[in-house]
Amino acid sequence: TPAHADSGPSSFGSSRIDTGADTSWLNAGDIQAALADNRCEDAGLVREILAKARELKGLATRDVAALIQIQDPALLDELFASARWAKEAIYGRRIVLFAPLYISNFCGNSCTYCAFSKENTTLKRRALTIDEIKHEAEVLIDQGHKRLLLVAGESYPNGLKYVLDALEAIYALRLGNGEIRRINVNLAPLSVDEFRQLHEIGIGTYQIFQETYQRDVYAAAHLGGKKRDMDWRLTAPDRAMQAGIDDIGLGVLFGLGDWRFDVLALMNHAAHLEATYGAGCHTISVPRIEPAHGSDFSRSPLNPVSDADFKKLVAILRLAVPYTGLIMSTRETARMRRETYALGVSQISAGSRTNPGGYAAHAETVALPDEDGREDFDASQFSLGDHRPLDVVVRELAELGYTPSFCTACYRNGRTGEDFMHWAKTADIKQKCGPNSVGTFMEYLLDYGQPETVRAGEAAIARDLAEMGDAERRVSTVILDRIRAGKRDVFC
Ligand code: SAM
Ligand code: SF4
């Protein structure tokens, strides 16, 4: 059993079992060697890799390393064009929307970059009661959300039961036509037993960001608490898989270590999961480090990722693991988000708050800041880059040629893990995504859309229908007719 320094009030982990999952797949030596190989200087070879990427079967570590090192602007343009093509080929125009729901900012860890760090004495601490959690979820349902990401620091008022009660309470809510249909969670590593309890409640994806795969950087950024044990974190997805959770979300906190190393290590991690459990990761998140109130950035290892490198890494991930969802949060500014959608992002958050209770407080008191505005963030985890409300983001997506989607169909039809990958890889998933995205978008427009958004949305749906193949259009038309007639939650 790994050793754990203790933390704040009643964290869980009483029954931690070392499942013996090994971490040799990380293979730092091979990653360094791949990065030292200057194959990117051979334009012909880079073009061969891009052609291979367009077969949509993913890429090997050496090939990803070559793409990472591209500097030539013409080759970069070709990389971006290939990523755009792959995104369209697999996902069409859809972009799935969700909101994070922070239930507690208590934490027993000392992460140098995070405002929730236990050493941050200036943070206003708050663990929401179940009633407060329900109220937060109701505000989000009233905005039109169907999919949440539950988030907390690593310390809970009542152990894992606190989280389980929160999940159950949110799933039980009904508000007019609204409800939350899928809750993903971003929580600290658990034991197999604890993961099993989460699985039984019916979570969607279990998301965990490794932060960095570089051991020295990890040690420098995680100064106290259970999170210091890097292997306990590295093996969390193994334990989740062993507990039956087959949708796993991986991620790196970009800006801590060398992004090039971390992207390759992330590939190795996904490959390990695929080889061991039959399904790689369901999603990859690409958070970039943001200023965090009261956190001591001067003690944090920092290797900022430029906007140009950020776009490059998104495009590379799209080609390296074409069937994996790519998630971009409101850490990024509205401008960066606009520029990155086309390169392969398939899921985004919108209208987010990272302080527990932030949605209800906001709904009751203040006017929304504009997209460049900064909010008071003395209880928040970090500063946000995109403050726009959901409806504005939805409208913009439609106007930019995307289809905002609130779909949760795969999860509820049992298309998860290996099964989802099978659907995705045979390209049949597009037959599902098309109808389900226009269907859930129509639900949004009818129940929550502002008049301008309804206009932009109706035009986007008409455009989508016109572009669909006959079978897809027939299914979409049936779904849309039923929704217009007042039915809800119609999906295929
Ligand atoms: N406490 C759990 C953990 O650390 O795994 C789960 C929730 S934590 C609130 C979610 C993620 O927020 C972390 O994994 C980290 O990547 C991200 N995060 C923390 N501080 C951040 C910052 N200053 N800027 C951007 N993302 C940050
Ligand atoms: Fe706690 Fe997670 Fe923040 Fe670290 S990143 S201080 S574990 S909430």
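Computed from a predicted structure; not experimentally measured.

Hey, could you go over the packing of helix 13 (residues 334–341) against helix 15 (residues 390–399) for me, with residue numbers and the actual values?
Here helix 13 crosses helix 15 at 35 degrees, and the two axes come no closer than 12 Å. The two elements helix 13 and helix 15 meet at a crossing, and its hand is right-handed. Residue-level contacts link Arg337, Arg338 and Tyr341 of helix 13 to Val393, Glu396 and Leu397 of helix 15. For the contact of helix 13 with helix 15, the class distribution of residues is 3 nonpolar, no polar and 3 charged.

Which residues make up the pairing of strand 5 (residues 182–186), and what values go with them?
Judged by how many residues are buried, strand 5 sits mostly within the fold: 5 of 5 residues are covered. Neither face of strand 5 is exposed, since Arg182, Asn184 and Asn186 on one face and Ile183 and Val185 on the opposite face are all buried. Two strands pair when backbone bridges link them, and strand 5 and strand 6 (residues 206–207) are joined in this way by 2 bridges, in the parallel orientation. Paired with Asn186 across the bridge in strand 6 is Gln207. Note that the unit made of strand 5, helix 7 (residues 192–201) and strand 6 has a crossover that is right-handed.

Provide a residue-level description of helix 5 (residues 130–143), including the pertinent values.
Its 14 residues place the ends of helix 5 20 Å apart at the C-alpha level, agreeing with the 20 Å of an ideal helix rising 1.5 Å per residue. Count one or two residues on from helix 5 and you reach Gly144, which has phi positive near 115 degrees.

Can you explain the site of ligand 1? Please cite residues and give values.
What surrounds ligand 1 is a group of 20 residues, the closest being Glu211, Lys227, Arg233, Glu290 and Gln381. Between ligand 1 and Lys227 there is a distance of 2.9 Å, counted from an oxygen atom to a side-chain nitrogen or oxygen. The backbone of Glu290 places a nitrogen or oxygen atom 2.9 Å from a nitrogen atom of ligand 1. A total of 570 Å² of accessible area belongs to ligand 1 in isolation, and the protein chains cover 97% of it. Classifying every residue of the shell around ligand 1 by side-chain character gives 10 nonpolar, 3 polar and 7 charged.

Account for the packing of aromatic side chains, naming residues and giving values.
One pass over the full model with this rule turns up 6 aromatic pairs. When the ring of Trp25 is compared with that of Tyr213, the centres are 6.4 Å apart and the planes differ by 75 degrees; the resulting orientation is edge-to-face. Taken together, the residues span a long stretch of sequence, with Trp25 in the segment before helix 1 (28–36) and Tyr213 in the loop between strand 6 and helix 8 (215–221) at a distance of 188 residues. Following the ring pairs from residue to residue traces out a cluster consisting of Phe406, Tyr444 and Tyr448. Of note, Arg239 hangs over the ring of Trp232, and the distance from its end group to the ring centre comes to 3.5 Å.

Tell me what's going on with the environment of Leu123, and back it up with residues and numbers.
Tracing the sequence through the fold places Leu123 in the loop between strand 2 (110–111) and helix 5. C-alpha of Leu123 to C-alpha of Ser295: the two residues are 172 residues apart in sequence and 9.3 Å apart in space.

So, empty space enclosed by the protein: which residues are in play, and what are the values?
A full pass over the atoms with the stated rule returns 6 cavities of 30 Å³ or more. Reported here for the largest cavity is a volume of approximately 670 Å³. For the largest cavity, the lining is made up of 43 residues, of which Tyr102, Asn186, Phe209, Arg331 and Gln381 are closest to its centre. Here the lining of the largest cavity is composed, by residue class, of 24 nonpolar, 12 polar and 7 charged.

Describe in detail the pairing of strand 1 (residues 94–104), supporting the description with residues and values.
Along strand 1, 11 of the 11 residues are buried, which leaves the element largely enclosed by surrounding structure. Where strand 1 meets strand 11 (residues 347–349), 3 bridges bridge the pair, whose relative direction is parallel. Each residue of the ladder has a partner; that of Val96, found in strand 11, is Gln347. As defined by bridge partners, strand 1 adjoins strand 3 (residues 147–152) across 5 bridges and the pair is classed as parallel. Looking at the pairing, Leu101 lines up with Leu150 of strand 3.

Conventions used here
- Residues numbered from 1 in each chain as written.
- Chains lettered and ligands numbered in written order.
- Predicted model: local features only at pLDDT ≥ 70, side-chain atom pairs only at ≥ 80, totals over all residues.
- Heavy atoms only, no water.
- Axes fitted to C-alpha atoms, helices over the stretch in contact; angles between N-to-C directions.
- Helix = DSSP H or I, 4+ residues; strand = E, 2+ residues; numbered from the N terminus.
- Left-handed = near helix turned anticlockwise from the far one by under 90°.
- Contact = heavy atoms within 4.5 Å.
- Nonpolar A, V, L, I, M, F, W, Y, C, P; charged D, E, K, R; others polar.
- Buried < 20%, exposed > 50% of the residue type's maximum accessible area, 1.4 Å probe, protein only.
- Pairing = 2+ DSSP bridges.
- Right-handed = clockwise from strand over helix to strand, strands pointing away.
- Expected span 1.5 Å × (residues − 1).
- Near = heavy atom within 4 Å.
- Polar contact = N/O pair within 3.5 Å; in protein donor to acceptor, adjacent residues only side chain to side chain.
- Areas by Shrake-Rupley, 256 points an atom, 1.4 Å probe, with all protein chains shown as cover.
- Phe/Tyr/Trp six-rings, centres within 6.5 Å; stacked < 30°, edge-to-face > 60°.
- Lys NZ or Arg CZ within 6 Å of the ring centre and 35° of its normal.
- 1 Å grid on protein atoms, 1.4 Å probe; cavity = no way out; pocket = protein on both sides within 12 Å on 5 of 7 lines; lining within 4 Å.
- Points joined across faces, edges and corners; volume = space filled by probe spheres on them.

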